[in-house]
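# Structural characterization, general
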Amino acid sequence: MTSEVLRKILVAGAAVAALSVVACNKPKDAGAASDAASSAASDAAAAASDAAAAASSAAADATAAASSAAEAASSAAPAK
């Protein structure tokens with residue numbers, strides 16, 4: 001799960017970098033640059049949203065696993 005989250009963060013970073021390059025270049029056709037910047041921003045937002053969802057899911061899975069481990073440990077403890 002961690003590699004999936006890191007991959008999505010890497011994709012989001014690449015989209016932000018592409019947006020930065022598009023925004024910094026001065027193309028002759030301003031309409032095309034605007035469309036490209038808008039597309040890159042949309043892609044970056046979608047990738048960031050996916051990464052946040054994956055991170056949230058991973059945190060929920062970790063919490064559930066920790067809870068299960070705590071229950072198992074308490075049931076395995078000898079009675080006094």
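Here, every reference points to the structure presented above.
Keep in mind that this is a model prediction, so the values were computed, not measured. (Residues numbered from 1 in each chain as written. Predicted model: local features only at pLDDT ≥ 70, side-chain atom pairs only at ≥ 80, totals over all residues. Heavy atoms only, no water.)

## With respect to the overall build of the protein chain
Heads up, the condition is: Note on conventions: DSSP H or I runs of at least 4 residues are helices, E runs of at least 2 residues are strands, and numbering of each starts at the N terminus. Burial classification: accessible surface area is computed with a 1.4 Å probe over protein chains only, and a residue below 20% of its type maximum counts as buried, one above 50% as exposed, and the rest as partly exposed. Using a 1.4 Å probe, accessible areas were evaluated by the Shrake-Rupley method; residue-level cover was limited to the displayed protein chains.
If you tally the helices and strands in the protein chain, you get two helices and zero strands. Here the protein chain holds 80 residues, and 12% of them are scored as buried. Working note: accessible area of the protein chain is about 5600 Å², and carbon and sulfur atoms make up 64% of it.

## Remarks on helix α1 (residues 2–24)
The criterion, for reference: Residue count minus one, scaled by 1.5 Å, sets the expected span of a helix.
The end-to-end C-alpha distance of α1 is 33 Å, a good match for the 33 Å that 23 residues give at a rise of 1.5 Å each. Every buried residue belonging to α1 is among Val5, Ala12 and Ala15, and all of these are buried.

## Brief notes about the pattern of salt bridges
How we decide: A pairing counts as a salt bridge when a side-chain nitrogen of Lys or Arg comes within 4 Å of a carboxyl oxygen of Asp or Glu.
All chains considered together, the criterion is met by one salt bridge. Across the salt bridge formed by Lys8 and Glu4, the nearest N and O atoms sit 3.5 Å from each other. Of this pair, Lys8 and Glu4 both sit in helix α1, four residues apart, roughly one helical turn.

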